[in-house]
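Each chain is listed here by its residues.
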Amino acid sequence: MKTIDTKCVNALRVFGAEMITNAKSGHPGIVLGAAPIIHTLYTRHLNVNSEDDKWFNRDRFVLSAGHGSTLLYMMLHLSGFDVTLDDLKNFRQKGSKTPGHPEVGHTQGVEITTGPLGQGFATSVGMAIAESYLGAKFNKPGYDVVKHYTYVLCGDGDLQEGVCVEAASLAGHLGLKHLIVLYDSNDIQLDGEVSLANSENTKEKFEAMGWNYLLVEDGNDCDKIDDAIKEAKKSENKPTIIEIKTIIGYGANNSGESSVHGKPLSQDEITILRNNLGYNEAPLTFPEEVKEFYKTNVIDRGYKEDSNWNEMLVAYGQEYPHEYADFLQFIDEDFVVSDLDNIPTYEPGTKESTRKVMGKILDWLGSELPNIIGGSADLSSSTMVKGADGIYGPSNPLGRNIKFGVREFAMAAITNGLTLHGGLRGFCSGFFVFSDYLKPAVRLAALMNLPSLFFFSHDSVCVGEDGPTHQPIEQLAMFRATPNLNVVRPADATEMTSALLQAFEKNTYPTIITSSRQAVPNLDVTQAEGAKRGAYVVFTPSKVAKNTIIACGTELATCIEAAKELEKQKIYANVVSMPSMFLFDQQDEEYKESVLPKNLRTVAVEMGASMPWYKYASYVKGIDTFGASMPINDIYEAFGFRVEDLVEYFKTVLK
Ligand SMILES: Cc1ncc(C[n+]2csc(CCOP(=O)(O)OP(=O)(O)O)c2C)c(N)n1
Ligand SMILES: [Mg+2]
């Protein structure tokens, strides 16, 4: 190992520890332990170009161990990204570019928001699928227009998470050869030794899942790390995990102990660290030779790689003009559904479950939008959601139907990865009640402003016989409470079609669409434009309304029936369809007042937790207990959602 590598690694260790001490907050353990790993990756392998940070064929780097953000910020600074010395000194401070954990879109060069352990790893599998798919689609002999690696740095905690195992199992099955995981294996985690909670054999575990496993016994040896990465790059048909044995907090007085994981070093401890490493440069600066080394080995190398790629792309464009034009369209995600002439339609008066509509429209969209890719968690025959062009895998790398297996959380994280990579839009699907299993990935999509799409069926107690384990109650409330997330519960085919078309637009938020298991009438009063605004009036009585009934999903048709019955009994109520609270809340005050006049008495109806509706209504007919197993026809009666039950209820609260 060259002296310059030692110099760089020690500079990173001391600067990183000082950044954390300066911030009075952060995680010195991983910074001191894993500095040689990230240094080797950036200076010898990672192809990125700070002058063209969105360069399509750049390598993707995922810091799954998001608590090591200090390492990433130092890399970005030294690699020429928009992270200044002052930004590093402002680590974790108000308004800084260097928040506690990496946030995509907030800091240039950060590929993904990480911090929730395990999810970075799982999301990287989606990036690797995207790379493999796009490579298969566009590469030609001599022209690897999409061929890059997805690198992950993870720790013990990441690998303990179930989502990692789900994702790793699928990645092995799919043979994602350009996925390379660098495992910072220090045998220590926050609370103590890893052996207190784990005794499995990492090598056997990953090999059993179809991975290559490599071991670097001395995590301070950059050359050995380099050799292992070179070896991993040769993989023909498997992802690779490189277990790198490191010492947490290397150089600190409490190295090798869990106490160094997340507690800043004191000034005295910094002095000890500096002495142990024989490092005496000024605090919070990088030596010139370190900066020079990064300039040559990351900035200049990345610039050259990017330029070479651009040159190649020009030649590709000359030889393959059609593919080239297509490729640019993929990069720009420049796909819109403009011609709706052939979209499947449903006549008013017919009946269909909204899940069947969802499946049919999505199949149609699959042929209209070549960049959409996704599938279900072993439920495509129930949710009706699947991707086009056959099942994706080594024998059909151009399949756009991903068989996720019963791995909901990894499915959603992978969906985020597909979208984050660029060039593709990911979607996935399952039973709505099991959205609990993947909620953390929906949350991260919302936090990342990522337009991932989550399509659920079986959206209420009307699931019926499968009973309370399968009947969602609180899930709508949970998701509606999540910031920057569009939750849509369409009432019929018209609203479902509108929701799906809107979901595939260029949004800065993810969308959840829920659908019914049971058939519902396709109404003549629902409208695409109204649905797009989140809520709109679908029924007005013959005399001036004193009341508003708000409903959505399968309850809308029943509420319209009930309002007509009320009218006969001289209670006059408008009915408002509100498929999306998120979209309605974005409308101007005038529109909102026109839909929900404040002087009217308002009641909301939904076969789910009542909580979200109190934002709009004084009275709510909801379900605040778990469901129960019984045939669907009994469900309506048992929970009081037949037309006659609703009429009786409305008479007690409306005027
Ligand atoms: C899902 C999740 N659970 C818990 C945490 C809190 N946490 C952050 S780091 C950490 C310990 C992880 O251990 P390891 O990956 O070995 O990191 P090291 O101590 O080696 O830096 C924990 C529990 C988290 N960030 N995400
Ligand atoms: Mg550890």
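Residues numbered from 1 in each chain as written. Chains lettered and ligands numbered in written order. Predicted model: local features only at pLDDT ≥ 70, side-chain atom pairs only at ≥ 80, totals over all residues. Heavy atoms only, no water.

What follows concerns empty space enclosed by the protein. Here the structure, examined in full by the defined rule, presents 4 cavities of 30 Å³ or more. Each pocket or cavity is described by its volume, and for the largest cavity that value is around 80 Å³. If you trace the largest cavity, you find it lined by Tyr42, Leu46, Val48, Asn49, Asp53, Arg58, Asp59, Phe61, Leu76, Phe81, Gly109 and Glu111. By residue class, the composition of the lining of the largest cavity is 6 nonpolar, 2 polar and 4 charged. (1 Å grid on protein atoms, 1.4 Å probe; cavity = no way out; pocket = protein on both sides within 12 Å on 5 of 7 lines; lining within 4 Å. Points joined across faces, edges and corners; volume = space filled by probe spheres on them. Nonpolar A, V, L, I, M, F, W, Y, C, P; charged D, E, K, R; others polar.)

Turning next to the layout of surface pockets. The calculated volume of the largest pocket comes to roughly 740 Å³. Around the largest pocket sit 33 residues that line it, and Lys54, Glu333, Thr419, Leu420 and Leu450 are the ones nearest its centre. The element that contributes the greatest number of residues to the lining of the largest pocket is helix H15 (residues 408-421), accounting for 3 residues. Of the domains in this structure, domain 1 (3-305) and domain 2 (351-521) are the two that each give at least three residues to the lining of the largest pocket. In this structure, the second largest pocket occupies an estimated 430 Å³ of space. Broken down by element, the residue count for the lining of the second largest pocket peaks at 5 residues, all from helix H18 (residues 493-503). (Helix = DSSP H or I, 4+ residues; strand = E, 2+ residues; numbered from the N terminus. Domains from an automatic or database assignment.)

Time to look at the site of ligand 1. Residues in close proximity to ligand 1 total 15 residues, the closest being His67, Gly115, Gly157, Asn186 and His261. The contact in question runs from an oxygen atom of ligand 1 to an N or O atom on the side chain of His67, over 2.8 Å. At a separation of 3.0 Å, an oxygen atom of ligand 1 approaches a polar side-chain atom of Asp156. Against a free-state accessible area of 590 Å², the protein chains account for coverage of 75% of ligand 1. Counting residues per element, the ones that place at least two in the shell around ligand 1 are helix H6 (156-160) and strand S4 (188-189). Tallied by class, residues from the shell around ligand 1 come to 6 nonpolar, 7 polar and 2 charged. (Near = heavy atom within 4 Å. Polar contact = N/O pair within 3.5 Å; in protein donor to acceptor, adjacent residues only side chain to side chain. Areas by Shrake-Rupley, 256 points an atom, 1.4 Å probe, with all protein chains shown as cover.)

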